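Geometric and topological summary
Letter by letter, the chains look like this.
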There are 2 protein chains.
Amino acid sequence: MTTDHLSTTFAALADPTRRAILARLVAGDASVTELAEPFEMSLPAISKHLNVLERAGLIARGREAQWRPCRLEAGPLKDVADWTEHYRRFFEQSFDRLHDYMRELKDKEKKHGRKRNQSR
Amino acid sequence: MTTDHLSTTFAALADPTRRAILARLVAGDASVTELAEPFEMSLPAISKHLNVLERAGLIARGREAQWRPCRLEAGPLKDVADWTEHYRRFFEQSFDRLHDYMRELKDKEKKHGRKRNQSR
């Protein structure tokens, strides 16, 4: 099965450990041991996650035989950002609708407040 | 297994048919039959994809018994956009690096061009 690169990226991101690894790499390159530290996971389990990230082009690994530092590669994340941009007007619409609804609630509250004050 | 909502969203997006369905819904609500049309897929196969999208909160379906139109729900896509924002400075850096590299190549080309012209 050939998978398009955007599907591979999304599948790689569909895991909280893998997203946490990427978040850690924002602070700088790190070895597998360093990356494994915050997780209660074996090195082989972390290596498996790193392989998924590497296949998706989200990380690259140094060539030094012993210490193969992992580095964040942001290219596929740019593709994700570009893809989501097509839907921006939809989230903004949802936000506008929420905003309108909040204003409506506030207006109702004000009216109720006035009525209550008038009836006192 | 409990899955965090961002992982569920990314997993739902890791399929070209499901992304194509979302892209179709940008143009307006559609029935399952309408959504199935452009794909060489059975209705049950499309329904399966719709269930994944619905569970991820990416679509909602009308309550009309016969024609249950699907509607795009952009909330989870906003979460994806917000998540990718943390990495923006990385793609911009990569773009800057590419830009610098392109300028370097251009400068080299110019120098070569000049040398070639001088040697004529």
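In this text, all values refer to a predicted model and were calculated from it rather than measured experimentally.

Here we look at the overall build of chain A
Per the secondary structure count, chain A includes 6 helices and 2 strands. From first element to last, N terminus to C terminus, chain A shows the α and β order α-α-α-α-β-β-α-α. Residues counted as buried form 36% of the 120 residues belonging to chain A. Long-range contacts, defined here as pairs at least 24 residues apart, represent 48% of the contacts in chain A between residues at least 6 apart.

Concerning a nonpolar patch on the surface
Residues Tyr101, Met102 and Leu105 of chain A make up a contiguous nonpolar surface patch of about 300 Å² in total accessible area. Residue classification places Tyr101 of chain A among the partly exposed positions, given a relative accessible area of 47%.

Things to note about the environment of Leu58 of chain A
Residue and element names in this part refer to chain A. Note on placement: Leu58 falls in the loop between helix H4 (43-55) and strand E1 (59-61). On the accessibility criterion, Leu58 (0% relative accessible area) is buried. Residues Leu58 and Cys70, spaced 12 residues apart in sequence, show a C-alpha to C-alpha distance of 10.0 Å. Among all residues touching Leu58, those that are not within four sequence positions of it are Thr9, Ala12, Leu13, Leu22, Leu53, Arg71, Leu72, Glu73, Pro76 and Leu77.

Focus on the environment of Leu35 of chain B
Residue and element names in this part refer to chain B. Tracing the backbone through its elements, the reader meets Leu35 in helix H3 (residues 32-36). Counting along the chain gives 34 residues from Leu35 to Pro69, while the straight-line C-alpha distance between them is 9.7 Å. Once residues lying within four places of it in the same chain are set aside, the contact partners of Leu35 are Ile21, Arg24, Leu25, Ala30, Ile46, Leu50 and Cys70.

Details of the pattern of salt bridges
Residue and element names in this part refer to chain A. Evaluation of the coordinates by the stated rule reveals 10 salt bridges over all chains. Notably, a salt bridge pairs Asp82 with Lys78, separated by 3.1 Å at the nearest N-O pair. On the criterion of helical spacing, the pair formed by Asp82 and Lys78 is a turn pair, its members being 4 residues apart in helix H5 (residues 75-85). The class for Lys78 is partly exposed, based on a relative accessible area of 32%.

Things to note about the environment of Ala12 of chain B
All names here are of chain B. Examined against the element boundaries, Ala12 turns out to sit in helix H1 (residues 5-13). Residue class for Ala12 comes out buried when judged on its relative accessible area of 1%. With 43 residues separating them along the chain, Ala12 and Arg55 place their C-alpha atoms 8.8 Å apart. Excluding residues within four positions of it along the chain, Ala12 makes contact with Arg18, Val52, Leu53, Ala56 and Leu58.

Brief notes about the interface of chain A and chain B
In this assembly, 27 residues from chain A lie in contact with 27 residues from chain B. Of the roughly 2,400 Å² buried at the junction of chain A and chain B (both faces included), carbon and sulfur atoms supply 74%. On the surface where chain A and chain B come into contact, there are 2 salt bridges. At the boundary of chain A with chain B, the tally comes to 6 residue pairs in polar contact (both at pLDDT 80 or more). Mapped by element, the contributors of at least two residues to the side of chain A that touches chain B are helix H1 (5-13), helix H2 (16-26), H5 and helix H6 (88-119) of chain A. Per element, the largest residue contribution to the side of chain A that touches chain B is 6 residues, and it comes from H5 of chain A.

Brief notes about the relation of the copies chain A and chain B
Between the two chain copies there is a screw-like relation: a rotation about an axis and a shift along it. Overlaying chain A on chain B yields an RMSD of 0.1 Å, the required transformation being a rotation through 180° with an accompanying axial translation of 0.1 Å. Such a turn and shift between the copies fits a two-fold axis. With an isologous cut-off of 70% or more, the 100% of interface residues of chain A that recur at the interface of chain B puts this contact in the isologous class.

Scoring rules and cut-offs
- Starting afresh in each chain, residues are numbered from 1 along the sequence in its written order.
- Note on labels: chains are lettered from A, ligands numbered from 1, in written order.
- Under the rules for a predicted model, residues below a pLDDT of 70 receive no local features and side-chain atom pairs below 80 are neither given nor counted, while totals for whole chains, interfaces and linings still include all residues.
- Think of the side-chain values as coming from all heavy atoms in the structure, minus any hydrogens and water.
- Think of it this way: any DSSP run of H or I at least four residues long counts as a helix, any run of E at least two long counts as a strand, and we number them from the N terminus.
- Type-normalised accessible area, obtained with a 1.4 Å probe on protein chains alone, sets the label of each residue: buried when under 20%, exposed when over 50%, and partly exposed for intermediate values.
- Any pair of residues with heavy atoms lying within 4.5 Å of one another is described as a contacting pair.
- Patch definition: residues above 30% relative accessible area lacking any salt bridge, with like charges linked at up to 9 Å and the nonpolar side chains Val, Leu, Ile, Met, Phe, Trp and Tyr linked at up to 5 Å.
- Only the protein chains shown count as cover for residues, and all accessible areas are computed by the Shrake-Rupley method using a 1.4 Å probe.
- What counts as a salt bridge is simple: a side-chain nitrogen of Lys or Arg found within 4 Å of a carboxyl oxygen of Asp or Glu.
- Buried area is calculated as the accessible area (1.4 Å probe) missing from two parts once they are joined, with the contributions of both summed.
- The definition of a polar contact used here is a pair of N or O atoms within 3.5 Å, where within protein one atom must be able to donate a hydrogen and the other to accept one, and adjacent residues in sequence count solely through side-chain atom pairs.
- Least squares is the method for superposing the copies, and the C-alpha atoms it fits come from residues with pLDDT of at least 70 in both.

Everything listed is a geometric property; what it means functionally is a separate question.
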